[in-house]
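# Structural description and commentary
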Amino acid sequence: MSGSVPIDRSTTWQYEDGEPGAFSYTRFSSPTVAAAEHALGELDGGEALLFASGAAASTAVVLALLSPGQTVALAEGAYYGTGVLLGELERWGVRQVEFDQTGPPPPDADLVWIEAPSNPFLTMPDFEAARAHPAPVVCDSTAATPLHVKPLERGCQIALHSATKGLAGHDDALVGALVTSDPETAARLREFRSRTGPVAAPDVAWLLLRGLQTLEVRVARQTETANSIADRLRDHPAVETVRHPGFGALLSFDVADAGTARRVETSTRLIANKTSLGGVTSRIEARSRWEGDRVPAGLLRLSVGLEDPEDLWDDLSQALTP
Ligand SMILES: *Cc1c(COP(=O)(O)O)cnc(C)c1O
């Protein structure tokens, strides 16, 4: 499929008999973006729209669907940047409250925002409780990918992805996506994106298509490796809490304190000390550098790549040994 999709970098296309055809101006859509949207839409079971980043997709949800004075109920322990983003939008009258996503959302919320699994706490939402709420539900399923969680099938209105992570999968494309099976919501989000301009670029859409071709084998391998690493971390004397939902590349675990976390993250050799997740190479970082005391000082977030699991474990265990 995607290997044969060319990158079309045109910004304009000739009208057909004096009328705009399927593609007219690239801010509305373009062939390569539409091809990637089609592929992702198939995976999640809805209509996909690509954005310039996951954060741009999140911003579009809030600005397109809410009005000043309305409230977003955001899952506690969800991606740190989402709370920061909602804080930025508070000046425009959008309020946020946090709730424990393993139970029901607060009754007065106008939009429910869950994360499956949350990053970096790796909790799973109660989908039944979320779907019973009258407000629309957005589910950020970045860390799961559609191979493990399909939010639309679980009753959510919108699936949100930072496709920068596992979907594109190679640390070379910044791209976000919203997927919905509700035609009105899709039309509104498309209208908002066309008017305000945060659409993904064709080159990035092509990189996403390329990544999707290997998604299944990458995620299967990462799940297997992450499960085996999580099991071994649970038995390690220097490790306190291990968080992993049993699928996906992402896990987190706690060591004694900030100093120990710094030592571990700077002592790995195969595993890079850097941010992000879902890439083909492994990386580790102490999340307190970004999230402050919202996370335990000793919390390390690890995203496993495609390296040999034994080599990864050897690297981690030497880094955990004082
Ligand atoms: C990275 C990330 C985002 C933000 O996506 P960007 O592509 O960096 O803008 C949103 N949600 C989760 C869970 C993420 O990991």
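How each quantity is defined
Residues numbered from 1 in each chain as written. Predicted model: local features only at pLDDT ≥ 70, side-chain atom pairs only at ≥ 80, totals over all residues. Heavy atoms only, no water. Helix = DSSP H or I, 4+ residues; strand = E, 2+ residues; numbered from the N terminus. Buried < 20%, exposed > 50% of the residue type's maximum accessible area, 1.4 Å probe, protein only. Areas by Shrake-Rupley, 256 points an atom, 1.4 Å probe, with all protein chains shown as cover. Lys, Arg positive; Asp, Glu negative; His and termini not counted. Charge placed at Lys NZ, Arg CZ, Asp CG, Glu CD. 1 Å grid on protein atoms, 1.4 Å probe; cavity = no way out; pocket = protein on both sides within 12 Å on 5 of 7 lines; lining within 4 Å. Points joined across faces, edges and corners; volume = space filled by probe spheres on them. Nonpolar A, V, L, I, M, F, W, Y, C, P; charged D, E, K, R; others polar. Domains from an automatic or database assignment. Near = heavy atom within 4 Å. Polar contact = N/O pair within 3.5 Å; in protein donor to acceptor, adjacent residues only side chain to side chain. Sits in = over half its atoms within 2 Å of the grid points. Core = buried A, V, L, I, M, F, W, Y, C linked by side-chain atoms within 4.5 Å. Contact = heavy atoms within 4.5 Å. Salt bridge = Lys/Arg side-chain N within 4 Å of Asp/Glu carboxyl O. Pairing = 2+ DSSP bridges.

Below, the discussion takes up the overall build of the protein chain. A count of helices and strands for the protein chain gives 10 helices and 12 strands. Structurally, the protein chain occupies a C-alpha span of about 70 × 50 × 30 Å along its principal axes. Expressed as a percentage of its 322 residues, the buried residues of the protein chain come to 53%. Of the roughly 13,500 Å² of accessible surface on the protein chain, 52% is carried by carbon and sulfur atoms. Of the charged side chains in the protein chain, 27 are positive and 43 negative, and the gap between their average positions amounts to 4 Å.

When its volume is computed, the largest pocket comes out at roughly 510 Å³. What lines the largest pocket is a set of 27 residues, among which Tyr79, Gly81, Asn119, Ser162 and Lys165 lie closest to the centre. Among the elements of the structure, helix H2 (54-65), helix H3 (80-89) and strand E6 (158-162) are those that each provide at least two residues to the lining of the largest pocket. With five residues, the single largest contributor to the lining of the largest pocket is H3. Of the residues in the lining of the largest pocket, the class split is 11 nonpolar, 11 polar and five charged. Taken domain by domain, the lining of the largest pocket gets at least three of its residues from each of domain 1 (31-213) and domain 2 (215-320).

Taken together, 13 residues lie near the ligand, and Ala55, Asp140, Ser162, Thr164 and Lys165 sit nearest. Ser162 places a polar side-chain atom, nitrogen or oxygen, 2.8 Å from an oxygen atom of the ligand. Contact with the protein chains covers 91% of the free accessible surface of the ligand, which is 380 Å². Judged by its atoms lying within 2 Å of the grid points, the ligand is housed in the largest pocket.

Right, let's get into unusual backbone geometry. Peptide bonds are trans in most cases, and residues, glycine excluded, mostly fall at negative phi. Going from Ala116 to Pro117, the amide bond is cis rather than trans, its omega being -10°. Turning to its location among the elements, Pro117 is positioned in the loop between strand E4 (111-115) and helix H4 (127-132). A cis amide bond links Asn119 with the next residue in sequence, Pro120, at an omega value of 15°. Residue position: Pro120 is located in the loop between E4 and H4.

This part covers the nonpolar core. Ranked by internal contacts, the top residues of the largest apolar core, which has 25 residues, are Trp113 and Leu178. Sort the elements by how many residues they give to this core and H2 lands first, with six residues. When neighbours within four sequence positions are excluded, Leu178 is seen to be in contact with Glu47, Ala48, Leu49, Phe51, Ala57, Val61, Ile158, Ala159, Leu160 and Leu189. Counting 24 residues, the second-largest nonpolar core is a separate cluster that includes Val33, Ala36, Ala200 and Leu215.

Right, let's talk about the pattern of salt bridges for a bit. A side chain of one charge can pair with a side chain of the opposite charge when the charged atoms of the two come close. Under the defined criterion, the tally for this structure stands at 19 salt bridges. The salt bridge partner of Glu291 is Arg294, with a shortest N-O separation of 2.8 Å. For Glu291, a relative accessible area of 4% puts it in the buried group. By relative accessible area, which is 28% here, Arg294 ends up partly exposed. One salt-bridge network, in which partners are shared between bridges, spans Arg262, Glu265, Glu285, Arg287, Arg289, Glu291, Arg294 and Arg301.

So, on to the pairing of E4. Taking burial as the measure, the five residues of E4 include five buried ones, the bulk of the element. The alternating pattern of E4 places Leu111, Trp113 and Glu115 on one face and Val112 and Ile114 on the opposite face, and all of these are buried. Here four bridges tie E4 to strand E5 (residues 137-140), and the two strands are oriented parallel to one another. Within E5, the residue paired with Ile114 across the bridge is Cys139.

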